[in-house]
Amino acid sequence: MQLYEHQLSKVSTVTIVDGSTGYKKTVIDQQVIDAFLENIQYVKFIPDENQEQRDGFRYAITLYEMEDVTFNFSLTKVDGVYDHTEPDMFPILDEFYNRVNIEED
């Protein structure tokens, strides 16, 4: 991922929050994490022309190295900037969230 300043291979935990339900899934299985990161590693975040404040999100993702948060983003916002992604990351995140068989918080 172009905006990630650490090594993706060191990500040890991924959390994904469904913005429509508030449920959160936490993934610690390294094979699942590696497959997910491989699917998103070439996604580009492109700033939107319209940077007006918006409410809500579809999914929010947090990457961790051990207990340290190393990156947090949503489908539409990274580091306070509203973006869109190429390719569209929604299908990737939606499939990941629905496929991960983790008890939801």
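Peer 1: Can you help me understand the overall build of the chain in this one?
Peer 2: Helices and strands together make up the secondary structure of the chain, namely two helices and seven strands. Along the chain, from the amino end to the carboxyl end, the secondary structure elements read β-β-α-β-β-β-β-β-α. Along the first, second and third principal axes, the C-alpha atoms of the chain reach 40 × 30 × 25 Å. Relative to its full complement of 105 residues, the chain shows a buried share of 39%. Across the chain, 8 positive and 21 negative side-chain charges occur, with their mean positions spaced 1 Å apart.

Peer 1: Could you clarify how one ought to interpret the packing of helix α1 (residues 30-40) against helix α2 (residues 90-99) in this entry?
Peer 2: When two helices pack together, their arrangement is captured by the angle between the axes and the distance separating the axes. Where α1 meets α2, the closest approach of the two axes is 10 Å, and the angle between their N-to-C directions is 165°. Classified by the interaxial angle, the pair formed by α1 and α2 is roughly antiparallel. Seen along the crossing, α1 lies across α2 with a hand that is right-handed. For the pair formed by α1 and α2, the contact residues are V32, F36, N39 and I40 on the first element and I92, L93 and F96 on the second. When grouped by side-chain class, the residues that make up the contact of α1 with α2 number six nonpolar, one polar and no charged.

Peer 1: It is not clear to me how the pattern of salt bridges should be interpreted in this structure. Could you clarify?
Peer 2: A side chain of one charge can pair with a side chain of the opposite charge when the charged atoms of the two come close. Applying the stated criterion across every chain yields a total of two salt bridges. Between E95 and R99 there is a salt bridge, with the nearest N and O atoms lying 3.1 Å from each other. With E95 and R99 both in helix α2 and four residues apart, the pair spans about one turn of that helix. Taking relative accessible area as the criterion, R99 reaches 44% and is therefore assigned partly exposed.

Peer 1: Which parts of the structure should I look at to understand α1?
Peer 2: Because each turn of an α-helix spans 3.6 residues, side chains separated by three or four positions end up pointing in the same direction. Taken as a whole, α1 has its buried residues at I33, F36, L37 and I40. Across the axial projection of α1, the buried residues extend over an arc of 95°, all falling on one side. Residues Q31 and E38 are exposed on α1 and point more than 90 degrees away from its buried face. Looking at the buried residues of α1, the elements they touch are β1 (13-18), β2 (24-27), β4 (59-65), β5 (68-74) and α2. Sitting at the head of α1, D29 places a side-chain oxygen 2.9 Å from the backbone nitrogen of Q31.

Peer 1: Just checking my understanding: could you explain the nonpolar core for this structure?
Peer 2: General note: in soluble globular proteins, nonpolar side chains tend to be found buried as a group. Membership of the largest hydrophobic core comes to 24 residues, with the highest contact counts inside it found for I61 and M89. Of all the elements in the fold, those that place two or more residues in this core are β1, α1, β4, β5 and α2.

Each value, and the rule that gives it
Residues numbered from 1 in each chain as written. Predicted model: local features only at pLDDT ≥ 70, side-chain atom pairs only at ≥ 80, totals over all residues. Heavy atoms only, no water. Helix = DSSP H or I, 4+ residues; strand = E, 2+ residues; numbered from the N terminus. Buried < 20%, exposed > 50% of the residue type's maximum accessible area, 1.4 Å probe, protein only. Lys, Arg positive; Asp, Glu negative; His and termini not counted. Charge placed at Lys NZ, Arg CZ, Asp CG, Glu CD. Axes fitted to C-alpha atoms, helices over the stretch in contact; angles between N-to-C directions. Parallel < 35°, antiparallel > 145°, perpendicular 65-115°, else oblique. Left-handed = near helix turned anticlockwise from the far one by under 90°. Contact = heavy atoms within 4.5 Å. Nonpolar A, V, L, I, M, F, W, Y, C, P; charged D, E, K, R; others polar. Salt bridge = Lys/Arg side-chain N within 4 Å of Asp/Glu carboxyl O. Arc of directions from axis to C-beta. Polar contact = N/O pair within 3.5 Å; in protein donor to acceptor, adjacent residues only side chain to side chain. Core = buried A, V, L, I, M, F, W, Y, C linked by side-chain atoms within 4.5 Å.

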